[in-house]
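# A look at the structure
Residues per chain are reported as follows:
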Amino acid sequence: MVIIDTRSGRGGAGAGALGPEIWFRSGTERPGLFPGLARVLEAFFTRYRKFLPYVHAAMFVAFLVAIIVPLFLPLPPEDATPLNNFTVAVNFAFWGIWFPLVFLSVIFTGRSWCGVLCPMGAASEWANKVGLQRQIPRWIKWEGTPIVSFLIITILGQTVGVRDHPLGIAEVFGGTLLAAVTMGFIYGRKKRAWCRHACPIGLLLGVFSRLGAVQFAPKSKHPGGDAYAERGICPTMISIPRKEESRHCIECFRCVKPSSPGGLFLRLRAPGEEVAKIRDHNPNAAEVWFLFVGTGAALGGFLWLILPSYQTWRMALGTWAIDHNMFWVGEPGPWWLMSVHPEAREVFTWLDFTMIVGYMLGWAALLAAGLALATGLSSWIAGRLGGEGSFRARFVELGYQFAPVAMVSLLLGLGGKLFDTVVAAGAPAALVGDFKAALLAGATLWGLALGARILARQGVSFYSRMFALAPGLAGSIFIVFSWWPAVVGA
Ligand code: SF4
Ligand code: SF4
């Protein structure tokens, strides 16, 4: 078996020692919250797991219908609704239901979307069964691959108008499906190289699954910490007996056998537990940077539509280009790179394309710099006040404190269609706005509480934690206020 230790060099006595998960052999109570419920859920999914291919096939057909059929339908009239127009219904299904619910579900059920419903991951695995099954190359395994993939898809989604045009949806989602199938066809052996290494959504769901209430833990844990196993039952290359982190687990239930003393078992836990104890769950620097950069890019993708600064800078850049005889910036580009829909009164030029890309990358850099500064200050203060470990180790651990507020802000900003629909259905707009504000405030407090628990595990005393928490709180408030237009409207 090819096993590569993925730990970051940090160890500790508890990390590799046999944990309480050895419960099965000793006949003691299943660890975690609500053990009875966990047992029932585990029994249900392992019993009916054999039907998952039918679920995947149905999802695959529905997915193809959703991205292809609207291409052949006329533009929806102004007053069309999801109830009387298929194109509008598909758009609502993607942005009003799928996007917010997948994010919300992570808190309650981890990456259940990936293992149970996602047609792209399943298609990638099907292709893998009949494909070339080549060794997964190093460039795919590079930790930055899913970050690049996320940035490309998120930015392309904005420039081609994925939220408004059927062609944009077909290109972004169809292109992602094609990439997943192609990578599955070429690389890996009975694996999902795409899901582990390249999916733009997978890394996002992986980070937030660490907050989730569901964990798949070894019944009898082997020492050494998480490892990468290219052979074995797990489609995302997790070494089953050494599993500690949730992020790569797509909850396919293949390694779960209720009557066996080996494999994993379903454990329910308090949301946030893994982040609070991140030291024992393979914290990862690339994941933290993704959290910073990805949140900023998504923020830029929302703000360019509403902030006056975007139009001001667009005007300035356009004037500068014309002054320098670069008249081509006023020409539309190819349809696959930018939105060219004269029938919908939207035609992007190279100026628009450049501005959107620059604005999103600018916000990604700004937010990443701000959060890195806040996290670095927290880590430095923690070190001065008795926190153990290196500056880098503390930095990576403390970076996870922003996960709740990043998740809620993404939900509010990019899943805004759900809230718009609730208002359109008759709910008072002020009440919905208050609800959004309460969600952001709750996420900020949650992040603060997680930060305090991370610091406690670093050995920082109760009173000293207040000082180390202050920069983290400032970072969360920075995110909240950046997303504030999503709460109150532009
Ligand atoms: S990682 Fe991506 S492609 Fe794979 S199952 Fe999850 S969402 Fe689908
Ligand atoms: S650890 Fe188990 S449940 Fe998770 S993805 Fe691997 S095989 Fe599936």
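Quantities reported herein were computed from a predicted structural model and do not represent experimental measurements. (Residues numbered from 1 in each chain as written. Chains lettered and ligands numbered in written order. Predicted model: local features only at pLDDT ≥ 70, side-chain atom pairs only at ≥ 80, totals over all residues. Heavy atoms only, no water.)

Quick look at the overall build of the protein chain now. Along its length, the protein chain carries 22 helices and six strands. Taken over the C-alpha trace, the protein chain has a radius of gyration of 23 Å; the compact-globule value for 490 residues is 23 Å, and the two agree within 12%. When the backbone C-alpha atoms are referred to their principal axes, the protein chain occupies close to 70 × 55 × 50 Å. Looking at the protein chain residue by residue over its 490 residues, the buried ones come to 55%. Contacts spanning at least 24 positions in sequence make up 79% of the contacts within the protein chain whose residues lie at least 6 apart. When the accessible area of the protein chain is evaluated, it comes to approximately 21,600 Å², of which 70% is carbon and sulfur surface. Measuring between centres, the 42 positive side-chain charges of the protein chain sit 12 Å from its 28 negative side-chain charges. (Helix = DSSP H or I, 4+ residues; strand = E, 2+ residues; numbered from the N terminus. Rg over C-alpha atoms; globule rule 2.2 N^0.38 Å. Buried < 20%, exposed > 50% of the residue type's maximum accessible area, 1.4 Å probe, protein only. Contact = heavy atoms within 4.5 Å. Areas by Shrake-Rupley, 256 points an atom, 1.4 Å probe, with all protein chains shown as cover. Lys, Arg positive; Asp, Glu negative; His and termini not counted. Charge placed at Lys NZ, Arg CZ, Asp CG, Glu CD.)

With a phi close to 55°, Gln-133 is a non-glycine residue in the positive phi region. By secondary structure assignment, the location of Gln-133 is in the loop between α7 (119–130) and α8 (138–141). The phi torsion at Glu-251 lies on the positive side, around 60°, for a residue other than glycine. With relative accessibility at 7%, the residue Glu-251 sits in the buried group.

The next thing to look at is the pairing of strand β4 (residues 264–268). Taking burial as the measure, the five residues of β4 include five buried ones, the bulk of the element. Residues Leu-264, Leu-266 and Leu-268 of β4 are buried on one face, and the alternating residues Phe-265 and Arg-267, pointing to the opposite face, are buried as well. Strand direction decides the pairing type here: strand β2 (residues 214–218) and β4, joined by five bridges, are antiparallel. By the bridge assignment, Ala-217 is partnered in β4 with Phe-265. (Pairing = 2+ DSSP bridges.)

This paragraph deals with the site of ligand 2. With respect to spatial proximity, 13 residues lie near ligand 2, and among them Cys-234, Cys-249, Ile-250, Cys-252 and Cys-255 are the closest. Residue composition of the shell around ligand 2, by class: 11 nonpolar, one polar and one charged. (Near = heavy atom within 4 Å. Nonpolar A, V, L, I, M, F, W, Y, C, P; charged D, E, K, R; others polar.)

Every residue close to ligand 1 is listed here: Arg-111, Trp-113, Cys-114, Cys-118, Met-120, Gly-121, Arg-192, Trp-194, Cys-195, Cys-199 and Gly-202. Sorting the residues of the shell around ligand 1 by element identifies α6 (112–117), α7 and α11 (193–197) as the ones contributing at least two each. A breakdown of the residues in the shell around ligand 1 according to their chemical character gives seven nonpolar, two polar and two charged.

A separate point is the domain arrangement of the protein chain. Looking at the protein chain, the domain boundaries give domain 1 (18–271) and domain 2 (290–331 + 346–488). Taking only C-alpha atoms, the centre of domain 1 and the centre of domain 2 are 25 Å apart. Of the residues lining the interface, 25 residues belong to domain 1; the matching set on domain 2 comes to 31 residues. A per-residue breakdown of the area domain 1 buries against domain 2 is headed by Ile-155, Gln-158 and Thr-159, which together make up 21% of the total. The tally of links from domain 1 across to domain 2 stands at two residue pairs in polar contact (both at pLDDT 80 or more). (Domains from an automatic or database assignment. Buried area = accessible area lost by both parts, 1.4 Å probe. Polar contact = N/O pair within 3.5 Å; in protein donor to acceptor, adjacent residues only side chain to side chain.)

A contiguous patch of positive charge on the surface is contributed by Lys-129, Arg-189, Lys-190 and Arg-231. The residue Arg-189 is located in the loop between α10 (166–186) and α11 in this model. The class for Arg-189 is exposed, based on a relative accessible area of 58%. (Patch = residues over 30% accessible without salt bridge, like charges linked within 9 Å, V, L, I, M, F, W, Y side chains within 5 Å. Salt bridge = Lys/Arg side-chain N within 4 Å of Asp/Glu carboxyl O.)

The subject of this paragraph is the nonpolar core. Grouped together as the largest cluster of nonpolar side chains are 114 residues, with contacts concentrated most on Phe-94, Phe-173, Phe-208 and Phe-292. For this core, the leading source of residues is helix α16 (residues 350–384), giving 16 residues. Each of two domains, domain 1 (18–271) and domain 2 (290–331 + 346–488), supplies a minimum of three residues to this core. Other than its neighbours up to four places away in sequence, Phe-292 contacts Ala-364, Leu-367, Ala-368, Leu-371, Ala-372, Thr-375, Phe-395, Gly-399 and Phe-402. With 13 residues, the next largest nonpolar core counts Val-214, Ile-240, Leu-266 and Leu-268 among its residues. (Core = buried A, V, L, I, M, F, W, Y, C linked by side-chain atoms within 4.5 Å.)

Below, the discussion takes up the pattern of salt bridges. In total, this model carries 17 salt bridges according to the counting rule given. Among the ionic pairs, Glu-273 bridges to Arg-267, the shortest N-O distance being 3.0 Å. The buried category is assigned to Arg-267, whose relative accessible area is 14%. Here the residues in one salt-bridge network are Arg-210, Glu-245, Arg-247, Arg-269, Glu-274 and Glu-287, joined through shared partners.

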